[in-house]
Amino acid sequence: MSAALAVVLAAGQGTRMKSRTPKVLHRVAGKAMVDHVLAAARAAGADRCIVIVGHEIERLREHFAGSDVELVEQRPQLGTGHAVQQVLPQLEAHRGEVLVLNGDAPLVDARSLGELLERHHAARAQVTFLTALVDDAERLGRITSDGGRVRVVEWADATAEERAIREVNTGIYCFDSAWLSRELPLLQASPAKGEYYLTDLIERAPQVERMLAEGGFALCIGVDTREKLAQAEREMQRRLRERWMAEGVTFLSPETVLLDVDCSLGQDTIVYPNTIMQRCTIGMGCIIGPGSRLEDTRIGNDCSIRESVVESAVVEDEVQIGPFCHLRPGSYIERGAKLGNYAEIKSSRIGRETQIHHFSYTGDAQVGQRVNIGAGTITCNYSSETGVKSATIIGDDASTGSDTLLVAPVTLGAGAMTGSGAVVTHDVPPDTLVVGVPAREVRKVRKAARS
Ligand code: UD1
């Protein structure tokens with residue numbers, strides 16, 4: 001089968017979205033609607049993608065900067081047939097199939113498109129298109145067949161009898177390129193709306209295949225209102241959860257969890273209620289939630305992330321986070337560390353088996369292994385006088401007493417200790433106890449105190 005050309009219609013204005021964002025750039029499960037459509041087309045074998053745009057072309061150019069997606073302008077917008085006419089020069093140079101899709105129908109999937117292409121090829125048809133059975137009277141084109149001649153009757157032109165037909169046009173087609181190039185210029189404007197209907201091509205084709213899509217109602221969700229956007233999101237979330245459940249992930253309260261298409265979850269991970277995960281890779285055997293939000297983050301195996309917010313962080317295996325932690329961008333947590341009870345971490349590396357519990361802030365720090373950070377310990381990393389952020393280094397096996405302030409830049413040597421309320425303004429040598437304000441050396445740490 002030769003590679004297909006995909007033409008994605010996205011020139012409609014989308015006024016009903018009431019948005020400053022172009023309609024097709026609204027996101028479903030974290031990804032712009034038009035990108036869902038393009039991803040499905042590519043996965044089904046399209047090697048060249050053209051998007052027809054009409055409004056906010058600059059925003060769309062920006063969105064597609066650096067990608068190989070081609071944008072073609074349609075001005076004015078005179079209907080779906082007119083939209084495809086805009087790519088006649090490209091069609092004439094193309095041999096093989098042309099997929100035509102709607103940019104605002106993000107639930108189209110690669111499997112349906114793959115089947116459509118196969119069916120089209122096998123039937124040697126000029127046009128093959130996907131239909132669906134719907135229960136409600138959406139304003140979609142109805143499928144009729146008089147004496148075997150298949151037609152799509154647009155809602156605006158349909159009689160009451162035709163409007164009662166349950167089989168509708170999803171707006172997803174596969175055309176033979178040469179035939180499409182010949183027929184497109186012959187389209188006439190419809191008397192009802194003065195638009196050039198792409199669907200008029202169906203009755204002109206000598207050989208038409210129609211393929212009733214399984215569960216096709218989702219393919220028909222064309223998002224032109226916020227309500228439809230929410231409907232598409234619900235359906236996409238349902239699919240994503242179904243996918244990860246099939247891979248061995250447990251969702252205790254599935255409807256309360258939000259994922260995006262760029263998340264992956266390992267086997268035997270359990271997701272508790274009210275959890276949001278965006279662009280995350282989560283290992284096996286983890287407990288995520290309840291009430292956690294994770295973004296742009298990689299979590300190893302056998303971790304728990306309870307009631308916490310984790311942003312742009314890396315977490316190795318067997319780490320316990322929460323309840324109520326905030327890992328901000330640049331946090332790297334090594335294996336077996338435990339962070340909880342209002343610990344905030346930013347741009348810091350936390351060593352193996354280190355424990356940071358109880359109301360603390362660790363920013364711009366390198367914390368060694370097996371360190372114990374006492375309640376209320378703060379790295380004072382920012383000087384409001386100079387605007388400079390400075391580093392704190394804490395060696396292996398060090399520990400801080402409650403309410404220690406580490407005034408950066410400062411180093412706490414390996415095995416060093418601070419007393420409660422110490423304000424550490426100078427580097428502390430290894431195995432040394434410091435106390436007071438400002439902290440001063442008292443003595444060497446006794447080995448037993450550390451074990
Ligand atoms: C079209 C079909 C209808 C089908 C429905 C499925 C026609 C005439 N009718 O309906 O049978 O059931 O899709 O969703 O094709 N667009 C342009 N330029 C235009 C007009 C539309 O790019 O001039 C784009 C829109 O941005 C949208 C897509 O085409 O992405 C579909 O347009 P829409 O107005 O939603 O579809 P209808 O024409 O009502």
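Conventions we followed
- Residues numbered from 1 in each chain as written.
- Predicted model: local features only at pLDDT ≥ 70, side-chain atom pairs only at ≥ 80, totals over all residues.
- Heavy atoms only, no water.
- Helix = DSSP H or I, 4+ residues; strand = E, 2+ residues; numbered from the N terminus.
- Expected span 1.5 Å × (residues − 1).
- Contact = heavy atoms within 4.5 Å.
- Domains from an automatic or database assignment.
- Buried area = accessible area lost by both parts, 1.4 Å probe.
- Salt bridge = Lys/Arg side-chain N within 4 Å of Asp/Glu carboxyl O.
- Polar contact = N/O pair within 3.5 Å; in protein donor to acceptor, adjacent residues only side chain to side chain.
- 1 Å grid on protein atoms, 1.4 Å probe; cavity = no way out; pocket = protein on both sides within 12 Å on 5 of 7 lines; lining within 4 Å.
- Points joined across faces, edges and corners; volume = space filled by probe spheres on them.
- Nonpolar A, V, L, I, M, F, W, Y, C, P; charged D, E, K, R; others polar.
- Buried < 20%, exposed > 50% of the residue type's maximum accessible area, 1.4 Å probe, protein only.

A. Broad picture of helix H9 (residues 226-246). Between the first and last C-alpha of H9 there are 30 Å, a value that for 21 residues agrees with the 30 Å anticipated at 1.5 Å per step. For H9, the elements touching its buried residues are strand S2 (27-28), helix H1 (33-43), strand S12 (250-251) and strand S13 (264-265). Positioned one or two residues after H9, Gly248 has a phi angle of 100°, which is positive.

B. Representation of the domain arrangement of the protein chain. Once the domains are mapped, the protein chain shows domain 1 (4-219) and domain 2 (240-444). The straight-line distance from the C-alpha centre of domain 1 to that of domain 2 is 49 Å. Residue-level contacts link four residues of domain 1 with four residues of domain 2. For the pair domain 1 and domain 2, the two sides together bury roughly 270 Å², of which 67% comes from carbon and sulfur. Summed over the three residues of domain 1 that lose the most area to domain 2, namely Ala29, Gly30 and Lys31, the buried surface amounts to 89% of that side. Between the two partners, domain 1 and domain 2, sit zero salt bridges. The interface formed by domain 1 and domain 2 holds one residue pair in polar contact (both at pLDDT 80 or more) in total.

C. Local environment of the layout of surface pockets. By volume, the largest pocket is sized at about 1,600 Å³. Considering the residues around the largest pocket, the lining is formed by 47 residues, among which Thr80, Asn102, Asp104, Arg139 and Asp224 are closest to the centre. Secondary-structure elements contributing two or more residues to the lining of the largest pocket are strand S1 (4-10), helix H3 (80-85), strand S10 (167-176) and H9. A breakdown of the residues in the lining of the largest pocket according to their chemical character gives 19 nonpolar, 16 polar and 12 charged. Each pocket or cavity is described by its volume, and for the second largest pocket that value is around 710 Å³. Forming the walls of the second largest pocket are 29 residues, and the residues nearest its centre are Val108, Asp109, Ala110, Met236 and Arg239.

D. Inspection of unusual backbone geometry at higher detail. In this chain, Gly322 is followed by Pro323 through a cis amide linkage whose omega measures 5°. Following the sequence through the fold, Pro323 ends up in the loop between strand S23 (320-321) and strand S24 (326-327). Geometrically, the link from Val437 to Pro438 is a cis peptide bond, its omega value of -15° lying close to zero. In this structure, Pro438 sits in the loop between strand S40 (432-435) and strand S41 (440-444). Positive phi values are uncommon outside glycine, yet Glu307 reaches one of about 40°. On the basis of relative accessible area, Glu307 is assigned to the partly exposed category, the value being 28%. Phi angles above zero are rare outside glycine, and Ser312 is one such case at about 45°. Residue position: Ser312 is located in the loop between strand S21 (309-311) and strand S22 (314-315).

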